Every structure is written in C-alpha cells, then in structure tokens.
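Listed below, chain by chain, are the residues.
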Amino acid sequence: ANSGARIGLAESVKKLFKVSFKDASKPENGFDFLYVTKDDYETKFKSDNIILVEPVTLSSGEEVLKITDIIGEETDLGVENLKGSGLIAGETSAAYNDIFTMTIVLGRTVGIGAYLVRLGHRTIQKTSSSPIILTGYQALNKLMGVDVYSTNDQLGGPGIMYANGISHLTAPDHLNAIESAMEWLSFVPSVRGGLLPISDVTGIDDIDRKIGFTPTQGIPYDPRFLMAGMENNDGQWLSGFFDKGSFVETLAGWAKSVVVGRARLGGIPMGVIATENRTAEAIKPADPADITAAEAVKQEAGCVWFPNSAYKTAQAINDFRTEDLPLMIFANWRGFSGGQRDMFDEVLKYGSLIVDAFVAYEQPIFVFIPPFAEIRGGAWVVLDASINASVMEMYATSGSARGGVLEANGAAAVKYREKDLLKSMRRIDEKLIKLYSDLESATATDKTGIESEIRNREKSLLPVYAQIAVQFCELHDTPGRMKAVGVIERDVAWEDSR
C-alpha cells in the first residue's frame, strides 16, 4: 500500500499570514497578495528562512512584507517528496536487473506507488480494496465536474490491471498472496547468477518418463495440456512435458493468445512460453467518462502474434532473464498480425522487443515446435537460434512439425501456379501423355477432338494436382529439411522430448 507523494503545508506560516484585500470593506471582491507583519517576520520567520518576502506599503500606509515564496520549516511539504520518489523509481528500475523484484499489492497504491509496482514488474494484486491508480476517483470526478467513477477499482482494480498485464497474479486475500509469492520464489535462485533451486521429484514424477498427452491434428486444444498434462474422459492422467503439478501460469488475464509461466523439468525450474492455438478474446472496457464509449471485443486468431501478445512474450522473456531461468518455448506461430489496425497499434515495435529480449538472454533457450505445429515467416525470424547462438537451440517434433517462409497453400499459390500444374500433369498423367502423342500425328480433322479431350482431362485433373502441389511444397518444410539446412539441432519424437 502506498498513498503516493506526501503533500504538506507550512503550518507556522498558515497560522500567521494576512491578506491584502482589494477593498477591506468588501473582501468578496478579491485580494491582491498575502503578507506578514514586520514583527511576525522578525520573531518567527527571518532566522529560519521559512519564507521569502519583499517590502510593500499597504493603502493604509502600513509597511508589510509580501510573501513571494513559502519554504517552510518542515522537510517534506511538496516537490522534495517528488525528488525522493524519483530516486526510488530509478533505484527500483535498476533493481529489476540486479535482483529479484516483486510487489504484493494489499491496499490502495497511488501515484509513485503505482509506478513502483510497474517498475518492479512482478506483481501480485489482492482482488479487493487494492487498486493501483495514478489519481483517486474523487479527484477525477472533481476534475470532470461530474460523478463519473464510483470506486478506485474502476480505475486500477484487478479487472483493469490483471487484464492489461500490470498484475501477474491475483489473490483473494493476504494469505493467498503470500503463498503465491513463496511459490514464485521457489523457482528463483537465492542470488542473481546463483544455482537454480532444483527440486527432488521422486514420488511425484519420473524424470525419464514418456509424455502421455499428444494433440490431434486439426483439432484445437488447450496448450496448457502440452505443458501440464490432463485427465481424459475416462479419468486417465495423460502427462505433459513438465513435471506433474509444477506449471504455474502468470499474466493469464492479458493477451490470451500467448501462455506464459514457470514449471519444472526433472526438478529444474524453467520459464515457459506457449502459443494459444484457439481463438481468444481481447476485451476493452467502456470508459464511464466517455458517454459515446462502448465495450469493444476483439477476436484474436490462434497461432498469430498480435501487438499485445508480442509485448507479453517480450515481457515474459525479460522476466525469466532477470530470474536466471532456462527458457522453453513451444512455438506454433504462423506469423504476426499485419492488418492496418495492428500495424497502427505497433505490432512491429513489440515484435522487435522479442528479439531484443533474446539478445540479452544469458541462460539456455530451447525453441521447440510441438506436434502438428508450425513456424512461418516473421515468426521464425524472431525465434531463430542465430539471434543469440551461444544460448539458443531449436528443435522440432519428428514427422509432424513444419517450418517455412509461407504455409504450403500460400507457397503453392505463388510458386506452383496453373502453368506449372499443367506441366506436371502433362509429364505424369499417362492419358495426357498419350493424347499429346496422338495429337502430333493426328490429321487436321482429328486434332480438334483430341484437343477437346486434352482440355477436359486437364480441367478434371487440376483440383487433385493443386493438392499435389501443396503436398510438394509442404515437403520443403519438414523437420528433415530443417535439420539438413542447419536451422534446427535435430528432430525429436514428442513422447521422448523430455
């Protein structure tokens, strides 16, 4: 809890100052300045330099001292508190890179307090009576001249701060907040650069076990199942990549097309980032201060980086870096959303932040293409191991993983057009080969019929050869070719990938 920079007034001056009214008999007409008498100045203020004054003669002829500046004898009245707040902000920002920083918000946090929450990055917010705000709702209502907001939670409660990525986790009460903090700390070395806190998983999981959960091609699934496992409809446990029960998700309320968190692999703590392959919703609430505003719901397709999810990815990488965690990325991105709105919303900027975060990383990074997943175009560019070759490695699931500039359909449309399809079918289809052979030796009267047969045959074969072209292009994107050209370390069977 932090109520922001303190505001104070010089109480000794407040008790003694006087007012020079424009008309002493009608004070409601206004005033000219504030002053103190010479006697008060000499006895109360002069020696301590509490106020700065200049001599003035009143209309009555009395000589007084006009107050030009109030310094005060207290040490924490105003702008000096902001200087201190700036010092705290700078130290907190530096501390994020030097030590593990975390903020547990259990009460109202205002102004500089709200900035410190963000500068420390890792935040656990209590779900009630713990808003993170810059200005209280009463002050905003007064500023706008109408009672627009009724609580501070409308401005900085979990509904705002958990949904925009300021708060990583929420907790219903103090105890749960502390428990979440302790669980988070259990993943982190005791000092920066120290040994990872490796847990003994004996009796919880087997280090060399196979993975039980495997996605089905073409069917959307929860990517958390890849990492944490699941129970099937028969109640049978299908294990995931990480140790059973070890996955803890953070930032779940923000940019839901990417899943981030921490987990353990054989007891070793790791950061993890995974692609959401299902359509997610991004909800922008209506601001009560704008009578024309309405809640906006944006549908975000799976396997695509949007501005918010690209920023979330970069933020998570930086958090893992300052926690000295190895990083596992389950990559299934077709690319970045490049529509007009997303380009305006700075998807290019946030996508480049991912590269910046990788370049600064010092722990091992494993980029893994899971079963029936793919990395295409710009998405591959920001994930490629050459970005930071000393710590990054890429792997792909044997057989079903794919990677390339374009998806096979797009590549076929660009590089295997109709003229190429016709060349292929004329080379492969025996009936067409015979018809073209007959055409060469046919008489003028027979040629018309043969040409008609050829056109009909080619027209009927175009759909299947279009599929053949897609398959041909897809064979350029297999793990075998990725390994052959050196863009991955090797292909790995999913069930044995632990």
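Here, the structure is the one placed above.
About the criteria used
- Residues numbered from 1 in each chain as written.
- Predicted model: local features only at pLDDT ≥ 70, side-chain atom pairs only at ≥ 80, totals over all residues.
- Heavy atoms only, no water.
- Core = buried A, V, L, I, M, F, W, Y, C linked by side-chain atoms within 4.5 Å.
- Buried < 20%, exposed > 50% of the residue type's maximum accessible area, 1.4 Å probe, protein only.
- Helix = DSSP H or I, 4+ residues; strand = E, 2+ residues; numbered from the N terminus.
- Salt bridge = Lys/Arg side-chain N within 4 Å of Asp/Glu carboxyl O.
- Patch = residues over 30% accessible without salt bridge, like charges linked within 9 Å, V, L, I, M, F, W, Y side chains within 5 Å.
- Areas by Shrake-Rupley, 256 points an atom, 1.4 Å probe, with all protein chains shown as cover.
- Pairing = 2+ DSSP bridges.
- Axes fitted to C-alpha atoms, helices over the stretch in contact; angles between N-to-C directions.
- Contact = heavy atoms within 4.5 Å.

### Observations concerning the nonpolar core
Phase 1 of the analysis: Ranked by size, the top nonpolar core spans 40 residues in total, and within it I273, I329, F358 and L383 carry the most contacts.
Phase 2 of the analysis: When residues of this core are traced back to their parent elements, those giving at least two are β13 (258-265), α10 (307-322), β18 (327-330), α12 (347-360), β20 (365-369), α13 (377-383) and β22 (392-397).
Phase 3 of the analysis: The leading source of residues in this core is α10, at five residues.
Phase 4 of the analysis: F213, L226, M328 and Y395 belong to the second largest nonpolar core, which has 22 residues in total.

### A closer look at the pattern of salt bridges
Phase 1 of the analysis: By the definition in use, this model includes 25 salt bridges.
Phase 2 of the analysis: With a shortest N-O distance of 3.0 Å, K22 and D32 are connected by a salt bridge. Of the two residues, K22 sits in the loop between β1 (18-21) and β2 (31-36) while D32 sits in strand β2, which places them 10 residues apart along the sequence.
Phase 3 of the analysis: Using a relative accessible area of 54% as the deciding quantity, one classes K22 as exposed.
Phase 4 of the analysis: The exposure class of D32 is partly exposed, given its relative accessible area of 44%.
Phase 5 of the analysis: Where R262 meets E323, a salt bridge forms, and the shortest distance between an N and an O atom there is 2.8 Å. Taken together, the residues R262 in strand β13 and E323 in the loop between α10 and β18 connect sequence positions 61 residues apart.

### Concerning a nonpolar patch on the surface
Phase 1 of the analysis: A cluster of nonpolar residues, F17, F21, F31 and L34, forms a patch on the protein surface that exposes about 350 Å² of accessible area.
Phase 2 of the analysis: Relative to the helices and strands, F17 resides in the loop between α1 (11-14) and β1.

### So, unusual backbone geometry
Phase 1 of the analysis: Here D324, not a glycine, exhibits a phi torsion of approximately 60°, which is positive.
Phase 2 of the analysis: The topology assignment puts D324 in the loop between α10 and β18.
Phase 3 of the analysis: Overall, the relative accessible area of 6% leaves D324 in the buried class.

### What about the pairing of strand β4 (residues 63-70)?
Phase 1 of the analysis: Note that β2 and β4 share two bridges and pair antiparallel. Bridge pairing in β4 places V36 opposite L65.
Phase 2 of the analysis: Pairing of strand β3 (residues 51-57) with β4 involves seven bridges; the strand directions are antiparallel. Each bridged residue has a counterpart across the sheet, and for V53 the counterpart in β4 is I67.
Phase 3 of the analysis: Remark: five residues form the turn of the hairpin made by β3 and β4, two consecutive strands paired antiparallel; G61 in that turn has positive phi of roughly 95°.

### Notes on the sheet that holds β22
Strand pairing within a sheet occurs via backbone hydrogen bonds; the two strands may be parallel or antiparallel.
Phase 1 of the analysis: Taken together, the seven strands give an open sheet; going across it, the order is β12-β13-β14-β18-β20-β22-β24, and neighbouring strands pair in mixed fashion. Either end of the sheet is taken by a strand with one partner, and the two such strands are β12 (248-250) and β24 (490-492). Averaged over all adjacent pairs, the angle separating strand axes in this sheet is 30°, with direction ignored.
Phase 2 of the analysis: Two elements, β12 and β13, share three bridges in a ladder whose sense is antiparallel. Across the sheet, the residue bridging to T250 is V260, located in β13.

### Comments concerning the environment of T103
Phase 1 of the analysis: Looking at where T103 falls in the secondary structure, it is placed in strand β5 (residues 103-105).
Phase 2 of the analysis: Residues T103 and D208, spaced 105 residues apart in sequence, show a C-alpha to C-alpha distance of 37 Å.
Phase 3 of the analysis: Ignoring any residue separated from it by four or fewer positions in sequence, one finds T103 in contact with L116, V117, R122, T123 and I124.

### Focus: the sheet that holds strand β9 (residues 169-171)
Phase 1 of the analysis: Spatial ordering of the open sheet is given by β5-β7-β9, a layout of three strands whose pairing is parallel. The open sheet is flanked by β5 and β9, the only strands paired with a single partner. When strand polarity is set aside, the average angle formed by the axes of neighbouring strands in this sheet is 20°.
Phase 2 of the analysis: Where β5 and strand β7 (residues 123-126) come together, three bridges link them in parallel fashion. Bridging from a neighbouring strand, T103 pairs with T123 of β7.
Phase 3 of the analysis: Across the sheet, helix α8 (residues 174-185) touches β5, β7 and β9, and the angle it forms with β7 is around 165°.

Any functional reading would require information that these geometric values do not contain.
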